Amino acid sequence: MLLFLWIETSSEYFNFDWVTFLGTGYWFFWSIFILSLARILTAYSSLLLLLGFLLLWERIELYLHLCHKILILLVILLCVILMFIICKFWKERWLVAGLSMQIFAPYVHLVSITVMVILFWPVAFYVARLEREVRMRRYRMTHSEKKRLKKCNVITRLRGLQVPVGLPFLLILLSLYLMPLGIYSPCIQEKENLGPKPTIFGHRGAPMLGPENTMMSFEKAVEHGAHGLETDIHLSYDHVPFLMHDFDLKRTTNIGEVQPESAFENPAFFNWDFLSTLNAGKWFVKPELRPFYNMKPLSEADKERARNQSIPTLKERKFVIFDLHRPPPKHPLRHTFVRQVVSVILASKIEQHLIFWLPAHDRQYVRSVAPGFQHVGRLVSVETLAKNNISIINVDYKKLFPNGLRDYKAANIHINVYTVNAPWLFSLAWCSRINSVTTDNIGLLSQLDHPHFFMTPKFYVFMWLLADIISVLFIVAIFCFHWRRETEKEKLFETSSTRTDLHIAMKPPVRVVESPWTLAALYPALPKSGKEHQGHFNFAAPSKKLLPIKNAVTPLKPGKHEIQPPMPTTVFELTQAPTRQATSEATFQTTLPTLKVDKPTMPSIEVPYP
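By the naming in an unreviewed UniProt entry, the protein chain goes by Glycerophosphodiester phosphodiesterase domain containing 4 and is assigned to Pan paniscus. Regarding the protein chain, the UniProt comment filed under Subcellular location (unreviewed entry) reads as follows: "Membrane".

Draft legend 1. Representation of the pattern of salt bridges. In the structure shown here, the tally under the stated rule is 12 salt bridges. Across the pair Glu-212 and Arg-251 runs a salt bridge whose closest N-O atoms are separated by 2.9 Å. Remark: Arg-251 occurs in the loop between strand E3 (241-243) and helix H9 (255-258) and Glu-212 occurs in the loop between strand E1 (199-203) and helix H8 (215-223); sequence separation between them is 39 residues. The residues Glu-212 and Arg-251 share a single accessibility class, namely buried. A salt bridge links Glu-304 to Arg-307; the nearest nitrogen and oxygen atoms lie 3.4 Å apart. Of this pair, Glu-304 and Arg-307 both sit in helix H12 (residues 300-307), three residues apart, which is roughly one turn of that helix. The exposure class of Arg-307 is partly exposed, given its relative accessible area of 32%.

Draft legend 2. View of the UniProt feature "transmembrane region" (unreviewed entry) in the protein chain. As recorded in UniProt, the feature "transmembrane region" (unreviewed entry) lies at residues 27-57, 69-91, 103-128, 165-184 and 459-481. Across residues 69-91, helical content stands at 91% and strand content at 0%; the span's end C-alpha atoms are separated by 31 Å. Between the end C-alpha atoms of residues 103-128 the distance is 39 Å, and the span holds 100% helix and 0% strand.

Draft legend 3. Broad picture of the nonpolar core. By size, the foremost hydrophobic cluster in this structure holds 59 residues, and its most contacted members are Trp-357, Val-417 and Trp-424. It is helix H18 (residues 423-431) that provides the largest number of residues to this core, a total of seven residues. The contact partners of Trp-357, leaving out residues within four places of it in the chain, are Leu-324, Val-338, Val-341, Val-342, Ile-345, Arg-363, Val-366, Phe-373, Gln-374, His-375 and Val-376.

Draft legend 4. Region of interest: the packing of aromatic side chains. For the structure shown, the criterion picks out 23 aromatic pairs. With a centroid separation of 6.0 Å and an interplanar angle of 90°, the aromatic rings of Trp-30 and Phe-33 are classed as edge-to-face. Of this pair, Trp-30 and Phe-33 both sit in helix H3 (residues 30-57), three residues apart, which is roughly one turn of that helix. For the ring pair Tyr-237 and Phe-269, a centre distance of 6.4 Å and an interplane angle of 35° mean the geometry is tilted. Highlighted residues: Tyr-237 in the loop between strand E2 (228-235) and E3 and Phe-269 in the loop between H9 and helix H10 (272-275), separated in sequence by 32 residues. Overall, Tyr-237 belongs to the partly exposed group, its relative accessible area being 38%. Sitting over the ring of Tyr-365, Arg-339 keeps its end group 4.2 Å from the ring centre. Seen from the ring of Tyr-184, Arg-406 lies directly overhead, with NZ or CZ sitting 5.8 Å from the centre.

Draft legend 5. Up close: a nonpolar patch on the surface. On the surface, a nonpolar cluster with roughly 760 Å² of combined accessible area is contributed by Leu-47, Leu-50, Leu-51, Phe-53, Leu-54, Trp-57, Trp-121 and Phe-481. By secondary structure assignment, the location of Trp-57 is in helix H3.

Draft legend 6. Summary view of unusual backbone geometry. With an omega of -20°, the peptide bond between Tyr-418 and Thr-419 qualifies as cis. Tracing the backbone through its elements, the reader meets Thr-419 in the loop between strand E8 (414-418) and H18. The phi dihedral of Asn-412 is positive, around 60°, even though this residue is not glycine. Along the chain, the position of Asn-412 falls in the loop between helix H17 (405-410) and E8. Notably, Arg-433 is not glycine yet its phi reads approximately 60°, a positive angle. Tracing the sequence through the fold places Arg-433 in the loop between H18 and strand E9 (436-439).

Procedures and definitions
Every chain is numbered on its own, with residues counted from 1 as its sequence reads. Under the rules for a predicted model, residues below a pLDDT of 70 receive no local features and side-chain atom pairs below 80 are neither given nor counted, while totals for whole chains, interfaces and linings still include all residues. Processing note: side-chain calculations cover all non-hydrogen atoms of the structure and skip hydrogens and water entirely. UniProt positions are given in the numbering used here, feature names are shortened, and annotations may be inferred rather than shown by experiment. Within this document, salt bridges are pairs made up of a side-chain nitrogen of Lys or Arg and a carboxyl oxygen of Asp or Glu, the two lying within 4 Å of each other. Secondary structure elements are defined from DSSP: runs of H or I of at least 4 residues count as helices, runs of E of at least 2 residues count as strands, and each element is numbered from the N terminus. Exposure classes here rest on a 1.4 Å probe applied to the protein chains alone. A residue is buried below 20% of its type maximum, exposed above 50%, and partly exposed in between. Residues belong to a common nonpolar core when they are buried Ala, Val, Leu, Ile, Met, Phe, Trp, Tyr or Cys residues joined through side-chain atoms within 4.5 Å. Any two residues whose heavy atoms approach within 4.5 Å are treated as being in contact. Ring geometry is summarised as follows: Phe, Tyr and Trp rings, the Trp one being its six-membered ring, pair when their centres sit within 6.5 Å, and such pairs are stacked at plane angles under 30 degrees, edge-to-face over 60 and tilted between the two. Placement of a positive charge over a ring is assigned whenever Lys NZ or Arg CZ falls within 6 Å of the ring centre and within 35 degrees of the normal to the ring plane. Only residues whose relative accessible area exceeds 30% and that take part in no salt bridge are eligible for patches, with like-charged residues grouped when within 9 Å of each other and nonpolar side chains (Val, Leu, Ile, Met, Phe, Trp, Tyr) grouped when within 5 Å. The protein chains shown are the only cover counted for residues, whose accessible areas, like all others here, come from Shrake-Rupley with a 1.4 Å probe.

So, in structure tokens, the structure goes:
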């Protein structure tokens, strides 16, 4: 979400970098840095998620390295912080994301269906496997197990797992199939209903082709077919209007070299004699200070021309839209700056109908002195515009589309939106019949002769139905493939089980013969009287003396084949079941003379048979 939001707000990159410059005093492409960081984190997280899914698919437990755990926590923390900052200070960026969906919704629909078809592969595999498990369990069951199954139905639980796996998938897929019924896109319309291409106003001239608010920038804008120009006006301390956007001279002039201690002062406190000596173009040639990351490289002639630019005055050029900045407190023209600018415009002999007057301050005076000016309003109600006799508005594109665009069009209001730099945003304005746009990227937008992502309703319906039919065919094919494979496995299991049972039934009983080297062969079997002592060893000394053994046991020798143990030649005649110790002693008594030793009496301890 962070990556998508940041990509769609590419028209705001300059404003973001400019705000960070005001706070840090250092120009850097922070917008591009955040974009690159979001791309790297998204790629890392997606790759890790894919590898984890494949490992789990193969039933291999996922062991994350400590570095991965730390990186995942940092990714989550960083995304949460950035999203919080955006939601707190740049809520309008969410409006941009909403506008982008009006353009990309038909294509998001197609991509979503493709993703669902891919995801159906593991879903179908899991559902078919559960079904095979149910059938195999039924096949293994006996009659008694089926009775017990009524109390604890395992098969019902297995079938119940198929519902939470398959049902949500089918509901989401059905919603995607019906999604076009709720999609509204201005770029889906008949060709004859498409309005004319919006006219273009150069924002501070052509700031991607020359230093902003300089003669070179204005001339570049005119060369690329700009219908008008937009600029910012300040008043010097000695009442001279000049063109400047920032509220200090640090970024766009060389005041840091000439007078560093005054770099952050408001330019309105300087006299025109000093301002006219500053260079306003050398910064534009430096790679680390270029205002836009996607600027085309300048030719050597343009670089040399940019190095010789200075701050222009209002007299030197014909302009259309004026964004007049009020002088700061303690300025001599704090309350009369509008009248001063109007007098300069009238003295320059510019035709009044070419002036789009934007300031709302002292508007009645402007109407009386310059009745030919075209007054431009802000984002206010249609009733307020009609009351003030205003038929033109200049608004931020992020605020226009969600707030009464249809009402303005119905009232025949001329609409100019700013600042439109992305082609998709210009296409949205074109399809929405916006009259004009203000842009920094005049070199690219002036070359567009048709809106991007435009399609007729019939073509979109055809594309919608075709995508749905193809996806249904793929889903049915995938399901049949998995179902057939699991069915074959089930038949193979049943066949192997039948052959095994038949083989066991036809096989004659086999006599089990002990190996001569096992404990069972080394010790003779216990007599019937020893059954009462089963399960215990008696480690106590016998209370009665053992009877003499009649015959010695023949020493054990392996025969020709080790599968038949030697049979004992004699039978022990014991008054009680011999223990392992007693049996060993009896064996040794056959070869050694009997030693008469008084044996101490020990209490009997019974130890469970291991």
